Every structure is written in C-alpha cells, then in structure tokens.
Amino acid sequence: MQSAETVLGVLRERGRRGLPCDELYRQLFNPHLYLTAYGRLYSNHGAMTPGACGETVDGMSLAKIGRIIDALRHERFRFQPVKRVYIPKKSGKLRPLGLPSWSDKLVGEVMRLLLEAYYEPQFSGRSYGFRPGRGCHDALTHVAESWTGTTWFIEGDISDCFGSLDHGILLGILGEKIHDNRFLRLLRNMLQAGYLEDWEWNATLSGCPQGGVASPVLSNIYLDRLDKFVETVLIPEYTRGDRAAARELRQQLRGLPSGDPCDPGFRRLRYARYADDHLLGFTGPKAEAQEIKSRLARFLHDDLKLELNRDKTLITHARSGAARFLGYEITVHHADHKLTNGRRSVNGKGRPARPRGRDHGQERSVHEARQTRATPRSAEPDRPPDCRQIRG
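The model shown is predicted, which means the values in this text are computed figures rather than measured ones.

Colleague: When you look at the sheet that holds strand β2 (residues 94-99) in this model, what are you seeing that I'm missing?
Modeller: The strands making up a sheet associate through backbone hydrogen bonding, with each pair oriented either parallel or antiparallel. Here four strands make up an open sheet; going across it, the order is β2-β1-β4-β5 and the pairing mixed. The open sheet is flanked by β2 and β5 (200-202), the only strands paired with a single partner. Along the sheet, successive strands turn relative to each other by an average axial angle of 45°, direction set aside. Where strand β1 (residues 82-88) and β2 come together, six bridges link them in antiparallel fashion. Within β2, the position partnered with Lys83 by the bridge is Leu99.

Following this line, the structure appears as structure tokens:
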C-alpha cells in the first residue's frame, strides 16, 4: 500500500501535466489517507461537534476506518444529511451552516486531499482563497505592488455562492478531468444528501454545505472557470499599449512633458479573487469599466448560473474613492511632492489600509498586518497526546 505522500505526489504531478485521473475512487481504499485526514481534523474544535446522527471523533479507531473502506469498496457508503444551524453575519442576517457527521467529515477530508492535490497545480495564480500557502495578505500585497496606475476598481461579490453552485455544471467540470464514474457518483451523493432542520429532511438541489470540509476546494474548482474567463477573454481584450516601446522611451523620459493619462490607446486590466470575492483594477474610461462589469455578470449568469450581489458589486474611482476587498480599503496614491531619485515615486501605486475607526482607531497597512499574523504552527505544541483529551 502506497503512503499518503506518494499518492498525493503522483496526483500533483498528473495535475501539473494536465493528465486525466482514471482510477481516483480506488485511492479511497488506502488507510494511510484516512490517517492523514484524521491528523488534520481531530484537533479542531469541530471534531467534537455532532452532526445529525450524533457521531463525533470520540471512539475513533483503525477498525472504524476499516469499516468505512469496506463500505466504499462495495459502494455501500452513503453520506448522511447534514445538520443545519445558523450563525450571525456582520450585516445582521443569518448564514446557514451544515454540520456533517464524523464519518462523513473523514471521507470528505480524504476526497478533499485528493481533489486539492490534483487541481491545485492547475488553479490560477490570481486566486488566493482556500489554497495552501496563500491567504488574504498575499492577495492584498499583489494588489498593492502590481496594480500601478489603476483608475477604476470593479468590486465583485457573488450572492450565496456556496448555496448556488449548480450540481450539473460542477460535476461536468469535474468529469472533464476525472474519468471515474464511481468517484463522481460518490461526490453527487455527498452534494445531494440533503439537510435536517428542526428534524425535517430537506433536499439540496444546488450548492454544497458551508461547513463541509470539501466545499472550499469544490468552490475553487467551480470558480476557476471565472478565473479563466477573466484571464483569457477580458484581460487580453482590455489590456493595450506597447511595453517594449515604453521601455525604449525611458531614456527620453526627463526630456518629455508629463505623460498623457488619457492616452486613447492605453488600457490595463488586473484581477484577483479570494473565494467568492473578486476585484478587478482597470486603467481606462468608466464606460468600459461598466462594460466589464456587465460582461462578468452575464458570464456568471449564463455559464455558471450564479448572480452578482448588486449591493456589493460596485465601480469605484481609484483616487477619489476606496474599494473594499478582504476587509481593507484599496486606494491609489497621488502625491506630486513625493520624489525618489528625482522621480515621483508613489503616484498610481495601490494602497490597502484598514478602514479608519476600526481596530485601534487608525489605519494599518498590509506590511503592519503581516507582522501581526497568528503564531506559526511550529511554535505550538506538536500534537495533543490522543483524541480523548480533545473533549476538555
């Protein structure tokens, strides 16, 4: 039996090379993957949170893993309906949360490990949400360092993204690369298991439950289509201007008058996404920014059956306004008196900062926020002695 690291390493290599997966379901028979999944889940507080059947991590054993594998081998394993609870949102509304049973959570984590290993090398470099080694500060740093000269921000937020994912489209996307009907049937069973609310079963006709361990990677696989649309259609179409010619003119820069910010042939479009929140930075007229927003909404509606949140999808002027992205306000610098080596050094550069009046009543830059990240795992105790101590 291959180790979990070997299996995941082979899948990463296949994903990197764009090769299909033909026998992914068989990997669910590997007990090493369940031990890896258990090591990632058992120390979380949610491991002791019961689902609809009351099962938790308490009483976990190799025998239980063996029973799960036997049920999967004979295709008898069925996901149970999740237990639905509600948690408050900042807006005052309630967000539905699905709590799966422990066995479902364990199998879901193994599926997540397999899907993430295969699809992670294929994801866009402009996607930052729910990905290993990437986070909010990486997205904000990318915006601050690369979006020079942005005129308009196009803020995007998808309404009820997790609850609106179309099962047919999602399974179709997965079926393009995963040629294993048993794995796809198991995934369909997970998506359509339903939920219990006040002990009444309800069908899940779309979406994947927030709270499910596989939901983040499934949403990234789904929204990767949005990333590809922006990168292959919108950015080439709304990016103009000859960089090589600009480099040749740099030596003549000091003898020229200040650049023309209204050059009719110059356009730049940049993009970043974190889960269902995305931000585009556009250098060009507002009419074309509105056109980009309309094309995004049309693509999401026609191709992915998703809707943009009208209240949160805005077009904001980069100098006179501020775009909200990942809890920060994004603006563009303009200061003619700020010089470095005789040149204006900050004009057009992005500037993410925390909104005033929050935290300690003052702005915090991305650099300051990076210095206050949580304690790294290496500074924490290695592992709890065993799962029985989690109940405390």
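Okay, back to it.
Colleague: What is the right way to read the pattern of salt bridges from this model?
Modeller: It is possible for side chains bearing opposite charge to pair when their charged atoms get close. Here the structure, examined in full by the defined rule, presents 16 salt bridges. Residue Arg112 is joined to Glu109 by a salt bridge in which the shortest nitrogen-to-oxygen separation is 2.8 Å. Highlighted residues: Arg112 and Glu109, both in helix α4 (residues 102-119), separated by three residues, approximately one helical turn. Like Glu109, Arg112 is buried. Glu120 serves as the salt-bridge partner of Arg131, at 2.7 Å between the closest nitrogen and oxygen. With Arg131 in the loop between α4 and α5 (136-146) and Glu120 in the loop between α4 and α5, this residue pair connects regions lying eleven residues apart in the sequence. Neither residue differs from the other here; Arg131 and Glu120 are each classed as buried. One network of salt bridges, in which partners are shared, links Arg40, Glu109, Arg112 and Glu116.

Colleague: Which parts of the structure should I look at to understand the state of the cysteines?
Modeller: Two cysteines form a disulfide when their sulfur atoms are joined by a covalent bond. Considering all chains together, one arrives at zero disulfides under this definition. Cys161 takes part in no disulfide bond, and the closest cysteine sulfur, belonging to Cys208, lies 7.9 Å away.

Colleague: Help me understand the nonpolar core, please; the structure alone is not making it clear to me.
Modeller: Soluble globular proteins tend to pack their nonpolar side chains together in the buried interior. Grouped together as the largest cluster of nonpolar side chains are 82 residues, with contacts concentrated most on Leu28, Tyr34, Leu106, Leu114 and Leu174. The residues contacting Tyr34, other than those within four sequence positions of it, are Leu28, Ile65, Ile68, Ile69, Leu72, Leu106, Val107 and Val110. Judged by nonpolar contacts, the second largest core, of 17 residues, contains Ala318, Ala323, Phe325 and Ile330.

Colleague: What is the right way to read the sheet that holds strand β6 (residues 268-274) from this model?
Modeller: Ordered in space as β6-β7-β3-β8, the four strands form an open sheet in which the pairing is antiparallel. Each edge of the open sheet is held by one strand with a lone partner, namely β6 and β8 (315-317). When strand polarity is set aside, the average angle formed by the axes of neighbouring strands in this sheet is 20°.

Colleague: Even after reading the chapter, I still don't get the packing of α4 against helix α9 (residues 215-237), so can you show me in this structure?
Modeller: The angle between the axes and the distance between the axes are what describe a pair of packed helices. Where α4 contacts α9, the two axes come as close as 9 Å, and the packing angle between them is 35°. Our pair here, α4 against α9, has a crossing hand that is left-handed. On α9, the residues touching Arg112, Leu115, Glu116 and Tyr119 of α4 are Val217, Leu218 and Ile221. Here the residues of the contact of α4 with α9 are counted per class, giving five nonpolar, no polar and two charged.

Rules behind the numbers
Residues numbered from 1 in each chain as written. Predicted model: local features only at pLDDT ≥ 70, side-chain atom pairs only at ≥ 80, totals over all residues. Heavy atoms only, no water. Pairing = 2+ DSSP bridges. Helix = DSSP H or I, 4+ residues; strand = E, 2+ residues; numbered from the N terminus. Axes fitted to C-alpha atoms, helices over the stretch in contact; angles between N-to-C directions. Salt bridge = Lys/Arg side-chain N within 4 Å of Asp/Glu carboxyl O. Buried < 20%, exposed > 50% of the residue type's maximum accessible area, 1.4 Å probe, protein only. Disulfide = S-S within 2.5 Å. Core = buried A, V, L, I, M, F, W, Y, C linked by side-chain atoms within 4.5 Å. Contact = heavy atoms within 4.5 Å. Left-handed = near helix turned anticlockwise from the far one by under 90°. Nonpolar A, V, L, I, M, F, W, Y, C, P; charged D, E, K, R; others polar.

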